[in-house]
Amino acid sequence: MPPVLLTALAPLIWGSTYLITTRYLSDLPAPLLGTLRILPAGLLLLALARRLPPRAWWGRIAVLALLRQGLFFTLLYASALLLPGGVAATIGASTAMMVVLLAFPLLGQRPTPRALILAGTGLLGVGLISLTAGAQLSGLGVLYALGFAFVNALGVVLFKRWGWPEGATPLHQVAWELTLGGVLLLPLSLGSLPALAHLDLSGGLALLFLTLVGTGLAALLWQRGLNLLPVQQVSLLSPLSPLTAVVLDVLVVHRVLSPAQVLGSVLVLGSLLATAWPERPSRTSAPA
């Protein structure tokens with residue numbers, strides 16, 4: 001399977017987070033949800049990796065773990081608890097545009113017209129899908145959603161800027177980030193541990209799915225894509241998450257799509273197909 005299609009499985013999986021959270025885990029505070037999702041997954045992958053990062057890399061890995069794991073999942077859950085799932089996912093899809101823009105000052109990669117058009121098309125598509133006239137939006141929820149989009153974009157670009165220790169595989173990279181991100185969140189979640197007493201069997205199974213599949217497996221697929229593909233191309237796959245959220249609403253909640261939402265779905269799928277299609281390299285003179 002082409003790397004871009006395998007990478008696309010990650011946002012497809014992440015799109016289930018919103019429905020699962022609101023249906024089965026709404027009684028758990030956001031920091032506790034984030035900790036329970038990433039720390040067990042990180043420890044499991046760390047046991048498989050059986051390797052710690054070099055001491056010189058701990059600072060950079062801590063920054064990436066805080067951005068891409070700790071802050072990201074906490075703000076994601078906070079937005080999911082305050083906003084309709086499709087709305088939170090839509091705002092989060094602005095990650096694609098943020099990555100394209102941040103890559104210029106931090107990586108020296110000037111955004112191409114194609115990247116800007118695809119990012120804008122995908123964002124327009126998810127907007128048509130999810131932002132309905134009747135949606136009651138929480139201002140704080142919108143800020144949380146913008147926050148998780150920004151920390152995710154910044155973490156992705158910094159990863160491309162710094163790289164990783166020699167010989168580190170996606171398994172090592174994800175294990176280190178998830179474990180350290182979970183440890184950083186742990187002090188914020190200890191006070192809310194009594195909330196676990198209200199977790200029933202369905203909630204426990206939902207949390208297990210989010211930990212093993214929605215975090216461990218999806219993060220490995222995403223990290224592999226970041227290692228192999230240009231950062232802008234990977235980020236343009238993010239609209240798959242809100243698209244998945246809406247499809248689950250249709251299948252599970254029996255929501256009927258409006259014509260605008262159908263058009264939005266077409267725009268998202270079209271931008272994703274264009275993302276998977278290799279861009280013709282520009283003609284430049286060979287270096288001397």
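The protein appears in an unreviewed UniProt entry as DMT family transporter from Deinococcus hohokamensis. Turning to the protein, the UniProt annotation filed under Subcellular location (unreviewed entry) states: "Membrane".

A. Region of the structure containing the nonpolar core. The biggest cluster of nonpolar side chains holds 71 residues, and the ones touching the most others in it are Tyr18, Leu25, Phe148, Trp164 and Trp222. Here this core takes 11 residues from helix α4 (residues 58–82), the largest share from any one element.

B. Structural context of the environment of Leu71. Mapped onto the elements of the fold, Leu71 is located in helix α4. Between the C-alpha atoms of Leu71 and Phe148, which are 77 residues apart in sequence, the distance is 7.0 Å. The residues touching Leu71, leaving out its near neighbours within four places in the chain, are Leu66 and Val151.

C. Broad picture of a nonpolar patch on the surface. Residues Leu44, Leu48, Leu201, Leu205, Leu208 and Leu212 make up a contiguous nonpolar surface patch of about 610 Å² in total accessible area. Contributions of two or more residues to the nonpolar patch are made by α3 (30–49) and α10 (201–228). With 4 residues, the single largest contributor to the nonpolar patch is α10. The topology assignment puts Leu201 in helix α10. The class of Leu201 is exposed, set by a relative accessible area of 66%.

The rules behind each value
- Residue numbers here run from 1 along each chain, matching the order of that chain's written sequence.
- Local features in this predicted model are restricted to residues whose pLDDT is 70 or higher, and side-chain atom pairs enter the listing and the counts only when it is 80 or higher, whereas totals over whole chains, interfaces and linings include all residues.
- In computing side-chain values, all of the structure's heavy atoms are included and hydrogens and water are not.
- UniProt positions are given in the numbering used here, feature names are shortened, and annotations may be inferred rather than shown by experiment.
- For this analysis, a nonpolar core means a set of buried residues of the types Ala, Val, Leu, Ile, Met, Phe, Trp, Tyr and Cys, connected via side-chain atoms within 4.5 Å.
- Any residue under 20% of the maximum accessible area for its type is buried, any over 50% is exposed, and the rest in between are partly exposed; the area is computed with a 1.4 Å probe on protein chains only.
- Put simply, DSSP H or I for four residues or longer makes a helix, DSSP E for two residues or longer makes a strand, and each gets a number counted from the N terminus.
- In this analysis, two residues are considered to be in contact whenever any of their non-hydrogen atoms come within 4.5 Å of each other.
- To count toward a patch, a residue needs a relative accessible area above 30% and no salt bridge. Like charges then connect within 9 Å, nonpolar side chains (Val, Leu, Ile, Met, Phe, Trp, Tyr) within 5 Å.
- Note on areas: these come from Shrake-Rupley sampling with a 1.4 Å probe, and a residue is covered only by the protein chains present in the view.
- Any Lys or Arg side-chain nitrogen found within 4 Å of a carboxyl oxygen on Asp or Glu counts as a salt bridge.

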